[in-house]
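So the chains spell out like this:
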Amino acid sequence: METVCDEKKLKVIFLPFLSTSHIIPIVDIARLFAMHDDVDVTIITSHHPSSCRVVPRFHQSRFVSWSFHQDPHADAAANLGIPRLMFLGGSYLSHSAQHSLKKYAPHHLEMTRLQKKKSYGSLFDTFYDLEGTYQEHYKTVTGTKTWSLGPVSLWVNQDASDKAGRGYAKEEGWLKWLKSKPEKSVLYVSFGSMSKFPSSQLVEIAQALEESGHSFMWVVKNRDEGDDRFLEEFEKRVKASNKGYLIWGWAPQLLILENSAIGGLVTHCGWNTIMEGVTAGLPMATWPLFAEQFFNEKPVVDVLKIGVAVGAKEWRPWNDFGKEVVKKEDIGKAIALLMGSGEESAEMRRKAVVLATAAKTAIQVGGSSHTNMLGLIQELKSLRFEGNCLP
Ligand code: UDP
């Protein structure tokens, strides 16, 4: 993201990394900027389907759509002295950990310094009450400027059409089904936009869900013939018992999570989903798979205590099926605790509700993220485009 300062208007250009889960929060942040009359926003994107899924929701500003290449633009901005802000998806905890790993591996030190020199600061989709301690820690160890603006999705997606715009809500069967369920009785199970599982893992998940006794909504993305047949049989059975609802492909996740029938979620710990779960006040069963997700699990389970781990241990590349198979007994234990009626479960739910209230407060006038956003715009406007925008 690059900013050009001007006496009257701040012009902000967004260059998102082209994957669904990067574009989603970047477009939300662009919309945050565009809420201000004195800010002019442009998003540079491509015709790739993952961009098309989220960008149509953005009305207030301009899109430039072309064959995309980010690095030369970032370099050009640096050469011209235009301040460049990086949006860092993920938590402060995960970025602090990654910073330490790079810093203490000597061959990475050079690269880190170079990146920092080119950036004015970083934006995070998080908020002070969620991980203020790590925010302070990150600022201290990296010596960089950061702004927490989250939860950005809660901030900009205030009405149902915004939320549905994220998710191709073509048929409303899922909604009808959820409406037939009592409050907080349904478990939502999703592993983000690109996770893959081997068939043996799908079988364990299916059995754990069926045997849990709880109602569930499971977003399935596998398109392998063998898996499809097994899942279709499973779908027929759970439809007949009215216990489960499968969503094939893309789910309108924001709308689902805020439905009062949802009582908890099973997540791969993608940061966007964690923020959306926190916003909805839901406890989570955590099942990290790739990228920084094992770091993201920690604050949820150990610090905020709004989650229970299924016990996944194997990190894998994002496009890999992985070898580890988490057994149905372990999945079942986590679900039982998440959806249970004991004191530990109730405490997790209470904490999740308190955090959701803090999330709403953060984006209101006077709240920490709201104040950060105003401060950021003022700071960028106060810089003059004379080659002195970079520190
Ligand atoms: N998402 C959705 N429907 C789906 C899968 C994902 O709306 O079927 C959205 C979800 O709400 C979140 C994003 O896509 O905003 C996924 O980002 P996250 O960081 O959780 O996981 P990733 O896809 O990067 O693994």
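Residues numbered from 1 in each chain as written. Predicted model: local features only at pLDDT ≥ 70, side-chain atom pairs only at ≥ 80, totals over all residues. Heavy atoms only, no water.

- The name recorded for the protein in an unreviewed UniProt entry is Soyasapogenol B glucuronide galactosyltransferase, from Glycine soja.
- The UniProt entry for the protein carries the following comment under Sequence similarities (unreviewed entry): "Belongs to the UDP-glycosyltransferase family." (UniProt positions renumbered as here; feature names shortened; annotations may be inferred.)

**Some thoughts on the sheet that holds strand β13 (residues 307-309)**
So, step 1. The strand order β10-β9-β8-β11-β12-β13 describes an open sheet built from six strands, whose pairing is parallel. At either end of the open sheet lies a strand with only one pairing partner, and these are β10 (244-248) and β13. Strand-to-strand twist across the sheet, computed as the mean angle between neighbouring axes with direction ignored, equals 20°.
So, step 2. Note: strand β8 (residues 186-190) against strand β9 (residues 215-220), four bridges, orientation parallel. Residue Tyr-188 lies in a different strand from β9, and its bridge partner there is Met-217.
So, step 3. Contacting β9 and β10, helix α11 (residues 225-240) crosses the sheet at an angle of about 145° to β10. (Pairing = 2+ DSSP bridges. Helix = DSSP H or I, 4+ residues; strand = E, 2+ residues; numbered from the N terminus. Axes fitted to C-alpha atoms, helices over the stretch in contact; angles between N-to-C directions. Contact = heavy atoms within 4.5 Å.)

**A word on the nonpolar core**
So, step 1. Formed by 64 residues in total, the largest nonpolar core has its most connected members in Phe-14, Phe-33, Leu-123 and Met-217.
So, step 2. Top contributing element to this core by residue count: helix α1 (residues 20-34), with eight residues.
So, step 3. Two domains each provide a minimum of three residues to this core, namely domain 1 (2-48 + 69-150 + 363-381) and domain 2 (168-358).
So, step 4. Excluding residues that lie within four positions of it along the chain, Phe-14 makes contacts with Met-1, Ile-26, Ile-29, Ala-30, Phe-33, Val-41, Thr-42, Ile-43 and Ile-44.
So, step 5. Counting 31 residues, the second-largest nonpolar core is a separate cluster that includes Phe-197, Phe-216, Val-220 and Ala-312. (Core = buried A, V, L, I, M, F, W, Y, C linked by side-chain atoms within 4.5 Å. Buried < 20%, exposed > 50% of the residue type's maximum accessible area, 1.4 Å probe, protein only. Domains from an automatic or database assignment.)

**With respect to the pattern of salt bridges**
Between side chains of opposite charge, a pair can form when the charged atoms approach closely.
So, step 1. Under the counting rule described, the total for this entry stands at 14 salt bridges.
So, step 2. Between Arg-316 and Glu-314 there is a salt bridge, with the nearest N and O atoms lying 3.4 Å from each other.
So, step 3. Since its relative accessible area comes to 4%, Arg-316 is described here as buried.
So, step 4. In this structure, the salt-bridge partner of Asp-330 is Lys-333, at a minimum N-O distance of 3.9 Å. Residue Asp-330 and its partner Lys-333 are located together in helix α15 (residues 328-339), separated by three residues, close to a single helical turn.
So, step 5. One salt-bridge network, in which partners are shared between bridges, spans Glu-343, Glu-347, Arg-350 and Lys-351. (Salt bridge = Lys/Arg side-chain N within 4 Å of Asp/Glu carboxyl O.)

**Brief notes about the sheet that holds strand β7 (residues 146-148)**
So, step 1. Within the open sheet, the three strands sit side by side as β5-β6-β7. Their pairing is parallel. Both edges of this open sheet fall to β5 (85-87) and β7, since each of them pairs with a single strand only. Across the sheet, the mean angle separating the axes of adjacent strands is 20° when strand polarity is ignored.
So, step 2. Pairing of strand β6 (residues 121-124) with β7 involves three bridges; the strand directions are parallel.

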